[in-house]
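# Summary of the model geometry
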Amino acid sequence: MRDVIVIGAGGGGPVVAAELAGRGLDVLLLEAGPRHAKPREEWTHFENDANNPLTGYLRFGPQDRNKPAWFRETPQNSFLWQLSGVGGTTQHYYGNCPRAYPGVFAGYDGPDVANYDVEHRFPFAYKDLVPYYEWAEATLPVQTAAMGLKEETFFRGCETLGIPVQKTKTTLGASYRPQENAILQPGGTAGRTTDASKLVFPMATGCTFCGYCFQGCMQPVRAPRNQFAKRSTDNSYVPLAITADAVRPGAKPATLIADAFVTRVHTERRGTALTATGVTWRTGAGVEHREDAKVVVMAAGCTETPRLWLNSGLPNPNGWVGRGYTDHHFDWVIGQFDRDTDSTKGVGSSARCEFPGYGGLENVGLPPALQAFSMTLSDSGIRGRYGNGRGATGPWDGPAGRLIGPELKEVLAGGVNRLLNVLVITDDDVEAQNRVVPSVLPADEHGPVAKVEFRQRQRTARTQRNREYLAKRATQLLRGAGAKKVFRIDWAPLILHVQSTMRMGLSEQNSVTRPTGESRAVRGLYIADNSALANALGGPNPTLTTQALATRTAEHIFQTHFGGSPWVRTESPIVSTDPRISQALGRLGL
């Protein structure tokens, strides 16, 4: 019997695995998708090779590339963007690591308290999570973003908004600042030359400004895996977990098995408590395995975690398993300039604005195909052509909607490096109507597939207010930066930055998870991915908060089930770039 089985090696699962393996527990980490152990031999930097949802190496599908991608039902106009594989969706994120706004936690009493989702707060105070933020920030590590011309342009616009520069990690009010990113600062020749022969580790360290953050990260060339620039969990927490004995006395390296799709969580009645006892998983070849454990941690993501819960027949007494699917009511506002912005160059996203109570804005640089995609996903149809109740006009030069034909050609013909993209990231209310349920369409080999329902146009008045407010602020920013034309796309749901389908909370009436991370209905069964988050965090990217919360959950598991002591307030974290990890990976041939 294992001590702990963790389901999912995405954003949160490897955190629990690394922390508990570091304390000497026997940890099995299962991942449904592939393991890209040697990305320089498996990946290219081409957009289609990476991001094609059916054939790309960063798709949501099994390890066997001859098999199709896994299916989800999305009955509305939307795009669900999630990756399988070790590292999960952190393989293609931009490394953005802002903290949640203090206003989304219990006990907040600032003057803007009523501006937040007061019905779905975290069940503890912001100050209680700060030590876990600091621990995760040191482990990754999180650093101030490396920046270039597009950030300079963004900040020029910010200066016209009448808000100050933010100088702390905690957001205290409307402000702007560089991103806090899980991307290593360039060192040595990195960022100083375009000569490929000089962008080689250890001559170059950290970010080389290659501009391909979204296609995974394998820079600098020849760097050990744990010293790749972008700190996706396949480059940070996973190496730390599988080499735990190299850096902590008494530690035991976690066992990682990829291509292992968990199809059932097992339980048994112990006294009055239903208790988790283990899991069954299925390999890509169709072979089933079962293993028992003292503790099971679900970290398969906001869609697959509730799917597995429901397919396992686990209790759902208040009906909240899968509900509250929160994605940020994203929108896209794009400025066209008559001078270069270097939009495609360097780190993908390195600057942001904060508007507590509303959400935030951030710059995002995109390579050409993703740039075209960003301008063609819309809830309004074609700009000015549909009378469907959408497509509002505004300071963004006419109706909202997607660009096509001559207008799209004209914008792209000017060059993607003369655009500046601002992503609207709202603070959404948690809404029970947005949810995951089992689809009635044919099941796949793992059981009934997930149906993800979003009622885009029926979101709460506060959520829609936030989106309109931020779209206008984004337009103001772009005008201030010198844009000659501004487009608003009115994005359909791009289901990304997802949260809260197994949310923790104080009330038994609208939460699945206790404040400790343990599920209310099954003892010894924990949730440690984005689905455990209580709300939309105020708007910031959820990855860092998920990892801080997973650290907190791991500490609770160690105390409650294994008689251990807490460590975050008494020990120092191991930085995941530690050379001892590099050496251990080398001994493993990784």
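Look above for the structure.
To keep things clear, this report deals only with the structure shown in the data block. (Residues numbered from 1 in each chain as written. Predicted model: local features only at pLDDT ≥ 70, side-chain atom pairs only at ≥ 80, totals over all residues. Heavy atoms only, no water.)

This brings us to the pattern of salt bridges. Counted according to the given criterion, the structure contains 37 salt bridges. A salt bridge links aspartate 292 to arginine 290; its shortest N-O distance comes to 3.5 Å. Within the structure, one salt-bridge network assembled from shared partners comprises Asp331, Arg467, Glu468, Arg488 and Asp490. (Salt bridge = Lys/Arg side-chain N within 4 Å of Asp/Glu carboxyl O.)

Quick look at the environment of alanine 400 now. Tracing the backbone through its elements, the reader meets alanine 400 in the loop between β17 (398-399) and α9 (405-413). Overall, the relative accessible area of 3% leaves alanine 400 in the buried class. Remark: the alpha-carbon pair of alanine 400 and threonine 305, spanning 95 residues in sequence, is separated by 35 Å. If we ignore the near neighbours within four places in the chain, the residues touching alanine 400 are Ser380, Arg383, Gly384, Gly391, Ala392, Arg488 and Asp490. (Helix = DSSP H or I, 4+ residues; strand = E, 2+ residues; numbered from the N terminus. Buried < 20%, exposed > 50% of the residue type's maximum accessible area, 1.4 Å probe, protein only. Contact = heavy atoms within 4.5 Å.)

Quick look at the pairing of strand β1 (residues 2-7) now. Here β1 lies mainly inside the structure; six of its six residues are buried. Two strands pair when backbone bridges link them, and β1 and strand β12 (residues 288-298) are joined in this way by five bridges, in the parallel orientation. Residue isoleucine 5 lies in a different strand from β12, and its bridge partner there is valine 296. Of the pairings in the sheet, the one linking β1 to strand β2 (residues 27-30) comprises four bridges and is parallel in character. (Pairing = 2+ DSSP bridges.)

Right, let's talk about the sheet that holds strand β15 (residues 359-363) for a bit. Taken together, the six strands give an open sheet; going across it, the order is β5-β14-β15-β18-β13-β21, and neighbouring strands pair in antiparallel fashion. The sheet terminates laterally at β5 (175-178) and β21 (485-488), the two strands that pair on one side only. For this sheet, the mean inter-axis angle between neighbouring strands, taken without regard to orientation, is 20°. Bridge count between β5 and strand β14 (residues 351-355): four bridges; the pairing is antiparallel. Note that in β14 the partner of arginine 177 across the bridge is arginine 352. Sheet strands in contact with helix α5 (residues 149-158) are β5, β14, β15 and β18 (419-426), and its direction is about 30° off that of β14. Relative to the sheet, helix α10 (residues 461-481) contacts β13 (331-336), β14, β15, β18 and β21, its axis offset from that of β18 by approximately 155°. (Axes fitted to C-alpha atoms, helices over the stretch in contact; angles between N-to-C directions.)

The analysis is restricted to geometry; functional conclusions fall outside its scope.
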